[in-house]
Structures are given as C-alpha cells and as structure tokens.
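# Observations on the model geometry
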Amino acid sequence: MTQTDTDTSPTAASVPTSIPARRRNLVQMLELDLRLLGMVAAFAVLCIGFDLLTGGRFLTPRNIFNLTIQTVSVAIMACGMVFVIVTRNIDLSVGALLATCSAVMAMTQTRILPETLGLGLGHPLIPWITILAGLLVGTLIGAFQGYLVGYLTIPAFIVTLGGFLVWRNVAWYMTSGQTIGPLDQTFVKFGGISGTLGVTGSWIVGVLALAAALYGLWGARRNKIKHGFTVKPLWAEAALAGLIAVAILGFVAVLNAYEIPTRRLERMFEARGEVMPEGFTQGYGIPISVLVLIFIAVAMTVLARRTRLGRYIFATGGNPDAAELSGINTRLLTVKIFALMGALCAISAVVASARLANHSNDIGTLDELRVIAAAVIGGTALAGGAGTIHGAILGALIMQSLQSGMAMVGVDAPLQNIVVGAVLVLAVLIDILYRKRTGEA
Amino acid sequence: MTGTKRTKADTPLVEMRDMCISFGGVHAVDHVSVDLHAGEVVGLLGHNGAGKSTLIKMLSGAYKADSGEIRINGERVEIHNPRDARRHNIETIYQTLALADNLDAASNLFLGRELVTPFGLVDEDAMEAETRKIMARLNPNFAKFSEPVSALSGGQRQSVAIARAVYFNARILIMDEPTAALGPHETQMVSELITQLKSEGIGIFLISHDIHDVMELCDRASVMKNGKLVGTVDVDDVTDDDLLGMIILGKQPGQASATEG
Ligand SMILES: Nc1ncnc2c1ncn2[C@@H]1O[C@H](COP(=O)(O)OP(=O)(O)OP(=O)(O)O)[C@@H](O)[C@H]1O
Ligand SMILES: [Mg+2]
C-alpha cells in the first residue's frame with residue numbers, strides 16, 4: 001500500500017520554530033502520565049471504597065501487607081506477559097507452567113537433593129540449587145514453546161493452550177497429585193510473611209530506593225537540558241520528588257507498622273533459647289518477595305526501554321514485517337520472549353509455593369487469566385506494540401484488591417468472579433475510549 | 001543527467017541472473033536477469049504487478065528466490081534474509097516503507113542497528129541527534145522527532161524510510177518508488193540525493209512509474225512485463241515513447257514483435 005496522504009505540502013509542513021512541537025511534546029508527556037494517574041486514581045478509589053465498606057479494615061497495615069504478598073506471584077508473571085502480548089502473542093500456559101516449576105522445585109528440595117543425592121534435609125545449598133533447577137526448567141519449557149510459535153509458526157494461542165493442559169498434568173504426574181512439603185526453611189523465606197527485612201532493613205532499602213529514584217529524576221532532567229529540550233519547572237520537579245518520597249517511605253512505614261504477633265515473637269525467642277522481654281514488639285517490614293518483584297520490575301523496565309532486545313520487542317509488535325525487513329530475527333526473538341516468560345513463571349513458582357510452604361496440586365490454577373487480565377488492565381494492547389511493566393503491576397494490584405476487598409466485604413464467591421470479569425471488560429473499553437480521545441492508534 | 005562512463009569489461013556491482021520466484025501458480029518473476037554497476041542508476045519499469053518489487057525483494061533478502069543466482073562484484077552470494085543483504089551493504093527503501101508505526105523516527109532509522117552507550121544500553125539521545133542531521137539533508141521541514149511515525153504524513157514517513165536507507169553507507173541502494181508520496185520540493189531533494197550518491201560510487205536500483213524521472217536520473221532502464229524482462233536499454237539511446245512502448249506493449253525499441261509470454 002502506497003502512502004498517498006500528501007496533505008502536508010512543504011509549506012504546510014514547515015513548523016516555523018520548534019517551540020510549538022516541543023510544547024505539544026510536553027502535553028503528550030503529561031497525557032502519558034495522565035493514563036498512569038487514571039489507573040492510580042482508580043486504584044485509590046477502590047481502596048478507599050473498600051475501607052469505608054469494611055469499617056476501616058481494608059487499609060490496615062496487616063491487610064496492605066497481605067495484599068502485597070498476594071499480588072507478587074501474578075505481578076511477576078504479568079511483567080513477562082507484557083512482552084508476550086506486545087509481540088501479538090498470548091501465553092495461556094503460565095499458571096500450568098508455574099505448577100510444573102513448583103513441582104520440580106518441591107521434588108528437588110524434598111526428595112532429589114536430600115535423598116537421591118544425599119545432601120540431607122536442611123543442607124544450606126538446597127534452596128539455591130532448587131531455585132536454579134526451577135529456573136532452568138521454566139526457561140527451557142518457555143523456550144520450547146517459543147520455538148513452536150516462532151520457528152514452526154504454530155499460533156501462540158494453540159501452543160500455550162496445549163501447554164496449559166500439558167504442564168498442569170506434568171506437575172500432577174511428577175507429584176502423583178500429592179501435596180509436597182514442608183519446603184526448605186530458607187526457601188519459604190521467599191514467600192512473604194516468613195521472610196521480611198525487619199524494620200531497620202526496610203528503612204535502609206526504602207532510603208536507597210528513594211535515592212535511586214531521585215538520582216534518576218535528576219539524571220533525566222540533566223540529559224534534557226544537555227540536549228536543549230524544555231524541562232518541567234523546578235517546582236513541578238520538586239513536587240514530583242516529594243510525591244515519590246512520600247510513596248516509597250510511606251509504603252515502608254506501613255509495612256513496618258504491621259507487627260509480628262506476640263505469640264510468634266515468643267516462639268522466635270524460644271527457638272533461640274531466650275525469653276522475650278516484656279512489651280517487646282517488632283514490625284515485619286518489606287517482604288523479600290516484594291523486593292524480588294521490585295527488582296524484576298526495574299530490570300524489565302530497563303530491558304523494555306533501554307536495550308536492543310526491548311526495542312525489537314516493541315518494533316516487532318508494531319509491525320512484524322518491518323522488524324523482519326530491518327534485520328531483526330523475529331523468530332529467535334519469539335523464543336527469547338517465551339523463555340523469559342518461562343523464567344518468570346519459575347520465579348513466581350518460588351514465591352507462590354514458598355508462601356504456602358508446600359507444593360499443592362492446584363497451585364497457580366487460573367493464574368493465566370489473572371496474569372493476562374493484569375497486563376491488559378495495565379494498558380497492554382492486545383493488538384501489539386504497546387504496554388508498560390508498571391502498568392501491568394498496577395493491574396495485578398487492582399485485580400488482587402478487588403478480589404480481597406470483595407471477600408472482606410462478604411460478597412459471595414460467584415459474584416466476586418462476575419465483578420472481576422466485568423471490570424476486565426470495562427477496563428479495556430475505557431482504554432479504547434482513552435486511546436481514541438488522545439488519537440493513539 | 002549524463003551517465004557515468006563505464007567500460008563494458010567492468011565487473012558489475014550486482015548481477016541477478018535468471019531469477020525466478022512464484023507464489024502459488026503465479027510466476028511473479030520469470031527468468032529475469034539484470035545488473036548494476038557502481039556509480040550507476042538503473043531504472044526498473046513496468047505495469048502494476050509486473051514483478052518489480054518482487055525482483056528487488058530477492059536482492060534485499062525479503063524473499064528467497066526459487067532459482068537464479070546473485071553475484072556481487074562477480075562473487076556468488078547467498079541472500080536468505082535481510083540480515084544477509086545488510087551484510088553486503090544493500091539498503092532498501094520498500095514500497096510499503098516497512099516502518100514500525102509505534103516507534104519514533106530515530107528508533108525506526110536505527111532499527112536493528114541501534115547506537116549504544118558503553119554500557120550496552122540504547123543511546124536514544126545520540127540516535128535522535130543523528131536523525132536530526134540526516135533529516136536536515138532530506139526534508140528540512142521535518143520536525144516530528146518524538147512522535148511515533150503513525151502520527152506522520154505519508155511523505156514524512158517516506159522521508160524516514162529514505163533516511164534509513166542512505167544513513168548506513170550503502171554500496172547498493174534499492175529504491176522502490178521512493179518519491180511516490182513526496183511533495184515537489186522533497187522530490188527534488190531526493191533527486192539531488194540520488195545524483196550525489198551516484199557520484200559517490202553507489203549503485204542504485206530505482207523503481208519508478210515516472211518516465212520523466214527515469215529519463216532524467218537513470219543511466220539504464222530495465223522494463224518488466226508480466227514477470228518477464230522485456231529488455232534493458234541505455235536511456236540516452238531511447239525516447240520516452242520507446243520506453244512507454246516497452247512498458248505497455250512489451251516491445252523492444254526498433255523491433256516489431258513483442259517478447260511477451
Ligand atoms: N507475497 C506474495 N504472495 C503472493 N503473490 C505475490 C506476493 N508478492 C507479489 N505477488 C504477486 O506477484 C506479482 C508481482 O508483484 P510485484 O509487487 O512485484 O509488482 P510490482 O511490479 O512491484 O507492481 P507495482 O507497480 O504495483 O508496485 C503480482 O501479481 C503480485 O500479485
Ligand atoms: Mg511494487
């Protein structure tokens with residue numbers, strides 16, 4: 001198809017100075033923020049609404065802590081799903097793949113390493129070898145599915161629909177359908193409640209994160225000035241920095257405010273052969289699983305925005321033929337994306353099984369739908385070419401809040417799912433309307 | 001425009017010999033041979049669906065030929081994909097432009113060959129600076145550097161595609177209707193660009209429906225009809241009407257019968 005749209009004659013096209021163009025860019029940037037802001041606002045309304053309905057039980061440190069650790073597993077996979085959907089593919093097998101990885105890791109740490117290889121239960125290397133094994137299996141299965149999609153050109157929908165059945169039942173077969181546990185003591189620290197940084201550790205992480213965020217802001221501003229672009233006024237920059245500080249430190253403060261129950265503390269002291277002092281309290285702080293999620297989110301964002309691989313992913317999503325003609329090996333790219341998805345499923349499997357402290361046969365059931373919904377609610381376009389990591393994580397958080405909130409309010413289980421389904425469709429509709437309004441394709 | 005003088009004994013920069021490709025039962029390109037010398041512009045002419053784009057896509061790696069051979073500087077080469085073509089310094093402006101609509105001009109220009117910082121991260125600022133430089137040469141009115149190319153006009157998109165092909169020091173340049181969407185001024189600039197690239201010793205295949213352009217810019221013209229080569233002529237030896245006759249009737253100038261299949 002030849003582009004015959006020649007409405008821009010040389011004179012009409014000539015923007016006399018570059019100032020109008022730059023102003024438009026600023027507006028565009030704000031619009032980009034608007035989209036995120038809209039999602040944050042929706043999330044805030046949701047939280048406050050549930051808090052009112054539950055008489056203040058929703059926004060307690062305890063519930064926020066629980067919400068956070070419940071979201072991690074789906075959020076980690078949603079990060080990978082963004083890339084899958086951006087390249088116009090889909091992965092219906094993530095929940096089943098999580099189950100297979102979980103089964104492999106459960107067997108590795110409770111049977112293979114301690115018994116077959118004779119390391120003995122509780123050996124310090126067990127959790128790490130286990131996680132490596134899980135990552136390897138997840139990555140290989142993902143790469144294999146990617147190969148089927150990329151090289152043998154079987155539609156991703158079919159490959160992963162098959163995978164959905166295959167991997168769920170491979171997990172079942174490996175464990176004979178039994179619940180495997182208890183899992184290794186160090187391994188379960190990745191689950192959430194049994195592995196947190198404590199109050200001091202959390203403050204340190206919070207301050208470091210804040211420093212990194214501010215440095216990022218400052219670096220971006222300096223770069224813009226260096227290239228002669230207009231920058232936000234200083235007060236706006238300061239307000240933004242303040243907002244980030246409040247968000248990060250507030251989050252840490254809330255997680256720190258959730259105190260370890262007295263009985264549990266007593267048991268911890270007993271285990272060390274000490275007696276707990278009267279009136280001793282301690283907060284949980286940031287769960288290790290949340291730290292893992294934050295690390296993955298940052299890494300995936302850098303991957304998406306600042307690496308060649310990320311470019312190729314978005315270019316391929318925007319126009320697969322153009323990407324191929326530009327010398328991008330789109331087949332290999334597909335393998336890489338699915339392999340990455342598989343690796344993230346394995347990490348999610350660590351978090352999910354560690355949270356339960358065992359591997360159960362139904363682990364990860366329906367996660368594929370939650371993960372896809374999270375990515376889509378977070379603004380990933382099924383048509384390909386557009387999507388963000390932070391959006392997907394926010395999407396996961398919204399889904400989880402909706403589910404937990406309704407459970408707390410006492411909404412019947414069938415109604416809960418009806419609402420979640422309706423919200424998914426509504427979110428996509430709003431996104432479509434928004435894109436139409438702003439003229440995005 | 002006068003043709004660069006070349007001796008017949010020169011090894012051609014590109015030789016495509018006996019190229020064939022069919023889609024289903026359609027012989028899109030049927031035993032076609034063309035060649036191109038350094039510093040020469042060869043026009044490819046023919047009716048819609050004659051097989052011009054398909055022929056050059058075998059050179060650019062977009063299609064794999066069913067049979068035939070490609071020689072570069074006399075050496076036989078295998079071109080299986082666009083990466084192979086780029087390795088031989090073949091750059092292509094596709095008729096469809098082949099742009100990723102969701103990315104901006106700089107990202108498209110450097111797609112597959114991004115500039116990176118010492119840490120291996122994509123250097124967006126450097127790419128935009130380079131893009132501004134090359135666009136200033138091609139289309140000085142171009143100002144939409146941070147919008148996705150879907151927000152550009154047809155001509156602006158075409159400018160981006162041209163910039164991409166000429167930025168990377170091509171030795172062999174394929175231009176498939178490069179000025180179809182351009183305004184008169186931009187078309188003029190592309191003509192000047194072609195003349196300049198030619199003087200730098202680059203070989204150019206130029207597909208165009210504009211006989212006037214071909215007469216002005218090209219040294220030779222190859223005419224295709226229904227997937228077959230009608231003939232190749234020196235433009236200095238023929239008139240507009242001769243070329244038209246070749247395109248429409250498939251007859252060689254000064255020859256009564258048509259070589260039609
Ligand atoms: N990918 C394809 N699949 C099937 N048929 C194709 C394909 N590409 C080209 N063809 C067919 O091959 C023939 C030659 O097409 P081609 O695009 O090379 O024509 P062209 O000379 O470039 O025409 P135009 O001047 O309209 O650009 C046409 O009949 C077309 O339908
Ligand atoms: Mg064509």
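Rules used throughout
- Residues numbered from 1 in each chain as written.
- Chains lettered and ligands numbered in written order.
- Predicted model: local features only at pLDDT ≥ 70, side-chain atom pairs only at ≥ 80, totals over all residues.
- Heavy atoms only, no water.
- Domains from an automatic or database assignment.
- Contact = heavy atoms within 4.5 Å.
- Salt bridge = Lys/Arg side-chain N within 4 Å of Asp/Glu carboxyl O.
- Polar contact = N/O pair within 3.5 Å; in protein donor to acceptor, adjacent residues only side chain to side chain.
- Nonpolar A, V, L, I, M, F, W, Y, C, P; charged D, E, K, R; others polar.
- 1 Å grid on protein atoms, 1.4 Å probe; cavity = no way out; pocket = protein on both sides within 12 Å on 5 of 7 lines; lining within 4 Å.
- Points joined across faces, edges and corners; volume = space filled by probe spheres on them.
- Helix = DSSP H or I, 4+ residues; strand = E, 2+ residues; numbered from the N terminus.

### Side note on the domain arrangement of chain B
Residue and element names in this part refer to chain B. Considered domain by domain, chain B is made up of domain 1 (1-89 + 171-261) and domain 2 (97-169). Taking the mean C-alpha position of each, domain 1 and domain 2 sit 26 Å from one another. Counting residues at the interface gives 16 residues for domain 1, matched by 16 residues for domain 2. Taken together, the connections running from domain 1 to domain 2 amount to 0 salt bridges. Summed over the shared surface of domain 1 and domain 2, the result is 5 residue pairs in polar contact (both at pLDDT 80 or more). When grouped by side-chain class, the residues that make up the side of domain 1 that touches domain 2 number 9 nonpolar, 3 polar and 4 charged.

### Remarks on empty space enclosed by the protein
Per the counting criterion, the structure on display carries 2 cavities of 30 Å³ or more. Considered as a void within the structure, the largest cavity measures approximately 130 Å³ in volume. Leu325 of chain A together with Arg86, Glu91, Thr92 and Tyr94 of chain B are the residues nearest the centre of the largest cavity, which is lined by 14 residues in total. Looking at the lining of the largest cavity, the elements with two or more residues in it are helix 2 (82-87), strand 6 (90-93) and helix 5 (154-167) of chain B. Residues belonging to the lining of the largest cavity are distributed by class as follows: 7 nonpolar, 3 polar and 4 charged. In terms of domain composition, the lining of the largest cavity takes at least three residues from each of domain 1 (1-89 + 171-261) and domain 2 (97-169) of chain B. By volume, the second largest cavity amounts to about 50 Å³. Lining the second largest cavity are Val74, Arg370, Ala374, Ala396, Met399, Gln400 and Gln403 of chain A. Of all the elements in the fold, those that place two or more residues in the lining of the second largest cavity are helix 14 (367-377) and helix 15 (389-409) of chain A. In terms of residue count, the dominant contributor to the lining of the second largest cavity is helix 15 of chain A (4 residues). Here the residues of the lining of the second largest cavity sort into 4 nonpolar, 2 polar and 1 charged.

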